[in-house]
Amino acid sequence: MTFILALILFVLVAGVLDARIPWVSDGKREQER
Amino acid sequence: MIAGHFGLAAAVKAREPRLPLWTLMLATAWLDILFVPLLLAGRESIENAPGFAPGYGSLLIHADYTHSLLGAVLLSILLGVVLGWRWGRRAALLIMAVAFSHWVLDLVVHRADMPILPGNAAHWPELGFGLWRIPALSAVAELALIVAGSTAYWRAARDAAIRAGRSSLMPAHVSGAFVLLAGLLVLFLDFEHLLP
């Protein structure tokens, strides 16, 4: 159960929160395209 | 070990910002994710180590397929190819490495219950340095992974937001704090054996 909870917290919730971080700036993203 | 694996993945994310965090978190847990259905199917098993009361680090884990050395290598390659291809070769290799890091960290804490070949086919000696025999020390090692990983992740997220010219750093602070607190919660639940 602890492992399942950890999966939910780290893969789902942390994954969603991480998606709000501008890791690759918009300019760089355009360059890559 | 549960939380420590995720701490390591957070540290890797700090060095490799192009990869979404969820891919690294999934990769670090990959061998255990596959262990669950095999456990339910009775192909792999868990028992309490002789002389140890049920609790943190008390287990002998017979994950003879998912946590064998060769099995872990093959499963890590599989995940890297399937999940990492869309971000390029470097990402695929990194995902393979993070997936295999699970085996390396487990090697440190497990008692000698990790075979070299799947199913321990050749009956060679099983591997494991057994840090779990000293639960407090094992927990401290996990705690160090969580704190170091979440701190590196938070700093990288904050710096990325600054570079991007964002007026608010709150998303970076929230993400960093969440990874740290989730790691501490999972370690606490694991150590205190509060969930089955």
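Preceding block: the structure.
Residues numbered from 1 in each chain as written. Chains lettered and ligands numbered in written order. Predicted model: local features only at pLDDT ≥ 70, side-chain atom pairs only at ≥ 80, totals over all residues.

Moving on to the packing of helix α1 (residues 3-15) of chain B against helix α5 (residues 135-163) of chain B. All names here are of chain B. Their axes nearest at 7 Å, the elements α1 and α5 cross at an angle of 25°. One way to sum up the angle between α1 and α5 is to call them roughly parallel. You can see that α1 and α5 cross each other, and the crossing is left-handed. Two secondary-structure elements touch here, α1 through A3, G4, G7, L8, A10, A11, K13 and A14 and α5 through A141, E142, L145, I146, A148, G149, S150, A152, Y153, R155 and A156. (Axes fitted to C-alpha atoms, helices over the stretch in contact; angles between N-to-C directions. Helix = DSSP H or I, 4+ residues; strand = E, 2+ residues; numbered from the N terminus. Parallel < 35°, antiparallel > 145°, perpendicular 65-115°, else oblique. Left-handed = near helix turned anticlockwise from the far one by under 90°. Contact = placed C-beta atoms within 7 Å.)

Moving on, we come to the interface of chain A and chain B. The interface of chain A with chain B comprises 21 residues on the first partner and 30 residues on the second. Looking at side-chain class alone, the side of chain A that touches chain B contains 16 nonpolar, three polar and two charged residues. (Nonpolar A, V, L, I, M, F, W, Y, C, P; charged D, E, K, R; others polar.)

With that out of the way, let us pick up unusual backbone geometry. Negative phi is the rule for most residues except glycine; trans is the rule for most peptide bonds. All names here are of chain B. Positive phi outside glycine occurs at N120, with the angle close to 50°. With respect to the secondary-structure elements, N120 resides in the loop between α4 (89-109) and α5. In this structure N120 comes out as partly exposed when scored by C-beta crowding, with 17 C-beta atoms within 10 Å. Backbone geometry at H123 places phi at a positive 55°, although glycine is not the residue there. Topologically, H123 is positioned in the loop between α4 and α5. (Buried ≥ 20, exposed ≤ 12 C-beta atoms within 10 Å, placed from the backbone.)

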